[in-house]
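Structural overview
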Amino acid sequence: MRNLRHRQGRVAAAVLAAAALTLTALTVPAASASPGAPTATPPAGTLDGSAKSVTWQSPVYPKGTVGSPDKCGTAAEDPTNAVCDRFDLTVNPPAGEWDDNPEGGVPVSIQWQTPTDDFDLYIYDSAGKKVAESAGTADPEATVIPKASGTYHVVVVPYDVHNNSFTGKAYLPEASEAGNLTSFGGGNGTYEIAAGALKARADFFADDTLRLRASPDGVLADPPDSHMIRQQPKPNPRTKSFDAGAYYGIRAKDTVLRVYKKPLRFALYKADNRTAIWQEADPLRWTTGGLRQSLTRGANEQFFGGGEQNGSFAHRDQVMNVGNNTNWNEGGYNNSQPFYISSAGYGVFRNTFTPGVYDFGPRVRTGQQERRLDAYYFTGDVKSVIGKYTSLVGKPFMPPVYGLEPGDSDCYLHNANRGERHTLDALKVADGYTQNQMPLGWMLVNDGYGCGYENLAETGKGLTAHNAQLGLWTQDGLTKLAEQVKAGQRVAKLDVAWVGNGYGFALNACDQAKAGIEDNSDARGFVWLPVSWSGAQRCGVLWSGDQKLSWDYIRWQIPTYAGATLSGIAYNTGDVGSIFAHDPKMYTRDLQWKAFLPTVMTMDGWASDLTTHKPHDQQPWLDGEPYTSINRKYLQLKERLIPYMYGLSKEATKTGVGAVRPLSLEYPDDPQALGPNAKYEFLAGPDFLVAPVYSDTDVRNGIYLPKGSWTDYWTGKTYQGPTTLDGYKAPLDTLPLFVKGGSIVPMWPKGTVSWQTRDKGELDYDIYPQAGKSAYTLYEDDGVTRQFAQGSSATQRVEVRATGRGSVINVGPSVGSYTGKPATRAYRFTVHTKSAPAAVAVHGDRLHRYGSAQELAAAGSGWLYDAATGVTEVRTASVSTARGLTVTLG
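Heads up: these notes are all about the structure in this document. Residue numbers run consecutively from 1 along every chain, following the written order of its sequence. Note on the predicted model: pLDDT of at least 70 is required for a residue's local features to be given, and 80 or more for side-chain atom pairs to be given and counted; whole-chain, interface and lining totals, by contrast, use all residues. Excluded from the side-chain calculation are hydrogens and water; included are all heavy atoms of the structure.

**Brief notes about the overall build of the protein**
Inclusion rule: Labels follow the DSSP assignment, with helices taken as runs of H or I lasting at least four residues and strands as runs of E lasting at least two, numbered in each case from the N terminus. Based on C-alpha atoms, the radius of gyration is set beside the globule rule, defined as 2.2 Å times the residue count to the power 0.38. For every residue, the accessible area obtained with a 1.4 Å probe (protein chains only) is divided by the maximum for its type, and the residue is called buried under 20%, exposed over 50%, and partly exposed between those limits. In this description, contact between two residues means that some pair of their heavy atoms is separated by no more than 4.5 Å. Note on areas: Shrake-Rupley, 1.4 Å probe, and residue coverage restricted to the protein chains presented here. In summary, the charge assignment counts Lys and Arg as positive and Asp and Glu as negative, without counting His or the chain termini. Just so you know, the charge point we use is NZ for Lys, CZ for Arg, CG for Asp and CD for Glu.
Secondary structure summary: the protein contains 12 helices and 60 strands in total. For 890 residues, the compact-globule formula gives about 29 Å, and the C-alpha radius of gyration of the protein, at 29 Å, lands near that figure. Projected onto the principal axes, the alpha-carbon positions of the protein cover approximately 90 × 75 × 55 Å. Taking all 890 residues of the protein together, 62% fall into the buried category. If you take every contact in the protein between residues at least 6 apart in sequence, the share linking residues at least 24 apart comes to 69%. About 31800 Å² of surface is accessible on the protein, with carbon and sulfur atoms providing 49% of the total. On the protein, the mean spot of the 86 positive side-chain charges and the mean spot of the 90 negative ones are 7 Å from each other.

**Some details on unusual backbone geometry**
Along the chain, Glu-625 connects to Pro-626 via a cis peptide bond; the corresponding omega equals 5 degrees. Checked against the element boundaries, Pro-626 lands in the loop between strand S39 (608-609) and helix H9 (627-640). A cis amide bond, omega 5 degrees, links Gly-721 with the succeeding residue Pro-722. Positionally, Pro-722 belongs in strand S45 (residues 718-725). A positive phi angle, close to 55 degrees, is found at Asn-163, a residue other than glycine. Here Asn-163 is to be found in strand S10 (residues 162-164). A positive phi angle, close to 55 degrees, is found at Asn-188, a residue other than glycine.

**A closer look at the packing of aromatic side chains**
For any pair of aromatic rings, the description consists of the separation of the ring centres together with the inter-plane angle of the planes. The cut-off we apply is this: A pair of aromatic rings is counted whenever rings of Phe, Tyr or Trp (Trp by its six-membered ring) have centres within 6.5 Å, and the orientation is called stacked for planes under 30 degrees apart, edge-to-face for over 60 and tilted otherwise. A ring is considered to have a charge above it if a Lys NZ or an Arg CZ atom is located within 6 Å of its centre and within 35 degrees of its normal.
Under the defined criterion, the tally for this structure stands at 46 aromatic pairs. Measuring from ring centre to ring centre gives 6.4 Å for Phe-304 and Phe-313, while their planes differ by 5 degrees; the resulting arrangement is stacked. By the burial criterion, Phe-304 is buried, and Phe-313 matches it. Clustering of aromatic rings is evident, with ring pairs tying together Trp-56, Tyr-61, Phe-87, Trp-112, Phe-119 and Phe-166. A cation over an aromatic ring shows up here: Arg-258 above the ring of Tyr-269, its NZ or CZ 3.8 Å from the ring centre. It is Lys-261 that lies over the ring of Tyr-248; its NZ or CZ is 4.4 Å from the centre.

**Details of the nonpolar core**
Rules: Only buried Ala, Val, Leu, Ile, Met, Phe, Trp, Tyr and Cys residues count toward a nonpolar core, and they belong to the same one when joined by side-chain atoms within 4.5 Å.
With 181 residues, the main nonpolar core has Phe-266, Trp-278, Phe-596, Phe-688, Ile-809 and Phe-829 as its most contacted residues. Looking at this core, the element that brings in the most residues is helix H7 (residues 551-564), giving 8 residues. Residue contacts for Phe-688: discarding those within four places in its chain leaves Phe-596, Leu-641, Tyr-644, Phe-682, Leu-683, Tyr-713, Leu-737, Phe-738, Val-739 and Val-745. Counting residues in each nonpolar core, the second largest holds 25 residues, with Val-91, Leu-121, Ile-145 and Phe-166 among its members.

**Looking at the sheet that holds strand S25 (residues 336-342)**
Short version of the rule: Two strands pair under a simple rule: DSSP has to find at least two bridges between them. Note on definitions: angles span 0 to 180 degrees between N-to-C directions of axes, and those axes are lines fitted to C-alpha atoms, for helices only across the stretch in contact.
If you trace the 8 strands from one edge of the open sheet to the other, you get S13-S14-S15-S16-S29-S26-S25-S23, paired in antiparallel fashion. At either margin of the open sheet sits one strand with a lone partner, and together these are strand S13 (183-187) and strand S23 (303-307). Taking each pair of neighbouring strands and ignoring which way they run, the sheet shows an average axis angle of 15 degrees. For S25 and strand S26 (residues 346-350), the ladder comprises 4 bridges, and the chain directions are antiparallel. Looking at the pairing, Tyr-340 lines up with Val-348 of S26. Packed onto the sheet, helix H2 (residues 382-393) meets S23, S25, S26 and strand S29 (373-379) and runs at close to 135 degrees relative to S29.

**A short note on the packing of helix H8 (residues 584-594) against H9**
Inclusion rule: Under this scheme an angle from 65 to 115 degrees is roughly perpendicular, one under 35 degrees roughly parallel, and one over 145 degrees roughly antiparallel; angles in between are oblique. The nonpolar class holds Ala, Val, Leu, Ile, Met, Phe, Trp, Tyr, Cys and Pro. Asp, Glu, Lys and Arg form the charged class, and all remaining residues, Gly among them, are polar.
Packing of H8 against H9 leaves a shortest axis separation of 9 Å and a crossing angle of 10 degrees. When the axes of H8 and H9 are compared, the pair comes out roughly parallel. Here H8 contributes Pro-584, Lys-585, Tyr-587, Thr-588, Leu-591 and Gln-592 to the contact with H9, which in turn contributes Tyr-627, Ile-630, Asn-631, Tyr-634 and Leu-635. Classifying every residue of the contact of H8 with H9 by side-chain character gives 7 nonpolar, 3 polar and 1 charged.

**Observations concerning the pattern of salt bridges**
As a reminder of what qualifies: Note on definitions: salt bridges are taken to be side-chain nitrogens of Lys or Arg within 4 Å of carboxyl oxygens of Asp or Glu.
Applying the stated criterion to the full structure yields 39 salt bridges. Ionic pairing is found between Arg-371 and Asp-217, a salt bridge with its closest N-O pair at 2.7 Å. With Arg-371 in the loop between strand S28 (363-368) and S29 and Asp-217 in the loop between strand S16 (210-215) and strand S17 (240-243), this residue pair connects regions lying 154 residues apart in the sequence. For Arg-371, a relative accessible area of 27% corresponds to the partly exposed category.

Listed below in C-alpha cells is the structure:
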C-alpha cells in the first residue's frame, strides 16, 4: 500500500523526502516540457479499423522511482524508461466509433504481478494536456481516453514497486446490443427475461423500487465483495404480468414495467400505464468492458446526483463521471457515487464498484465499465428518492455534537514544515482558540505524511480541558485504533492506505473506523475521508481534498456541497482557506459561508502566504484585525446555531436529506432555482439562504430569492420573492444571509464557544412571523453517546401564530429524557415584528418593557424593542422544561 496519495504537493517538504517516500533517491532534471510532450521516441502502437488492440511490456523496476508524473523528466532525459515508462498510442477510430459506444473511448490498463506494488497511469494528448489517469492502488490500473482520436502519450509512474514490471493494454471496443425477446416468465415479484444469450431479471419491492439486472454473458450476480447495500427492500409478491402484444407488462403497486419484444427494451410507467417515468430509447448495448443503457430525455428533464461533483449540482447537457479520481478541483469527482436522480420522478443506483460515465445529453446514456447492468430504480420526487436510496445503502450517521464544531488539523511531531515540534505542542494551539474565544470541537494532531504521535493520553486529556476531542489521521491502517480510542481518540481521518483505490476498499475502511471508535468507547464514531463510494454517508464526513486557494476555489465549492446532498451525503466539506496558500481576505470570505456547513476544518502546516510566500498557519486569529473579529463573529454564530444544525442532522438520519441544499430541492417548481444565479447560493436547512461572496468585491450581485418573504439577517430588511438582488452591500464582515418568513430557529445563548460550557439554563428562539401559523420541533439528546438510538432524547414543539394585531408563541413541554437534560430553563425570543408591540405577556401576565439590552439582561425577564432592526426581544423567567408557556405580543 502506498505511503503517499492525495497530497502530492507536500512532496516538496523535507520530511516527506526523508521519511514518507520510501523510494530510490533519483535526481531527475526538471522537464523542459510536460511529461505528455517527450522529446525522444518511446515505444508506440496504433489502433485503427484493422488493429483492434495493442499491448506493451515495461522494463523491470527494482524499486519505486518518483511520486508523480511531473518528476519523470522528458523522454530524452530518460531514454531507457528507467524513471518512468512511456508509450505512444495513436488512435484512428473508424467513422462513427464513438457515436454510441458504451465505453465512450479507448480503455487503457496496466497490470502487474505483485498486488502490493503500485504503478500509476497518466495519459496526455499531443499538446501535453492530461486527458485520463488512474492513480489509486488498484491492480490493474485502468482508465478510458474519452472519444479518442489522434496520438496520446502514456506515462506510467513506478510509484512503489519491488523488482516488478507491468503489461500495458489498449483496445478499440466493439459494440453489440440486445436483440429480440426470446423468453419471458415468472411471478411473485420476480421475472426472468432473455434475448438470446442476454439474460435479465426484474425484481419488485414493496416501496415500488425496481431492481433490473441484465448480462450478455447470462450471469446475474452481485458485485464481488459488495457491502454497499445495508438492507434490501421488502419484496412485493403482489405483481401481475400481462401480454399487450408489442410488450409484456408487469404491474406493481404504483408502476408498470414494460418489456418490449422487438427488440428487447424496457420502460417504466406510472400505474395508469400511459405516463412514462423512463423508457429506453435503444436496446442495451455492450462492449468487452462496458454496458450502457440509453433513455429518452424529457423536454425540461433535469438530472442530479453522482455524489460529489466538483463545481456543479445539476447535470443536464453534461457528462457526469463517477469513479476514483484525485482531481480535487473543479471538474473532479473524488467522492462520486453511481447514482442519479431525474426530475421526471425517478432515481437510479448502479450496484457496482466500477467507474461509469453518465451522459445527460439529448439522449441519456449511462453505463459502467463492466458487462452487466445491476440497477435499482426508485420512484417519487427528489426527496423521496434520496430517502429510498439511503435506505438501501445507509442513512447519514448521527454525528456527535462536537463534530458540528470547528476542527483543526496539523502534524505536531518532527514536522519539518514548521520546525521541530512535539504532539503536546498541539495544546498551545488549543490555547489560542480559548484565548480568542473561538469554538474548537476537535483536533487532528498528526495530520502529515510520516507524522506519528507521542504522549497520546496526555494530549487527549489536555484537549479535553479545552473542551475539544482528540483526533488522529491514519496512513497505514487501523490496527492501533482500539488502543488509541482507549487513550482518548474520538475522531478518525482516513487517508492513503485506508482509502486505497476508493470504491469498496474505502467504504470498508470507513465502516471499520466508525465501528472501531464505537466498539471501544461509548462515543459516536466520527470519521473523515477524501475518497469514497456509495454508502459512505452512513459512516463518514466526505472531505473534498487538497484544493488551491483562489476566488474560484470558493466559487465552485458552493454547488459542490449543495449537490452532494442530492446523493444523500449529509456531510461534505473542504479546508477553510484551502491547504497550500493563505490570503487573509479569501480566508475570511471562505470561513463566513462554511460556517453554514455542518462540518468544517482548518488545515495547518502546509500553507504559505500568497504575497510574502512565507509559511503561514491558518488558525482564524492569526491575521489580526479586522480579520480576527470577523472570523470570531461567524464561528460564534455557527456555535449558536448548533441546535438548529443538530436537528437537521437528526432529520437526515430519517430522510437521507442533509442540511446544505440547492434551491431546487425546496423549490422544484421554480425554474430560476436551476438558473445561473441560484447555482452559487444554497439553503442551510429550509430556513437560511446563503449567498457567498466569491470575488474580491464588497458588492454581491445576482442574489436570487425564491417565493416567500426573506429577511436580511443583518439589517432586518424584508424582501418579497421571487426577486433578484443586485448591488447588495457586502463589506468584508458581511455574508449575504437571509431568513425565510415563518422560520423558528433555536439557538444557544450569545457568547457560547463550546457545547460543554454553554448555559443550559437558557435557550433562545429567533422567530420570523408570517401571516398564519408556523411550527418547529426541537430535537435534543446528550450529544455524544449512542443512547439516542435507544430513545434517550427529547423534543419540544414551538408554534407561532401571527395575526394583524401581533403574534402568539406557544412553547410546548420538552417530551422525553436523556442524561444531562435541564430540569428548568429560561427562554429568550427575538421576534422580527417590524414595529413595537403594545404589550408582551407570558401566560397573560404582562412583562415590563426596558429601554436597553443591559437593563433587560440585568432584570432577567421583560422585553424591549430595537427600532433599528425591527426586533422585539423577550426574556422569560426560568420555567420547568416539563411545562409549556405562551408568549403574546400584541
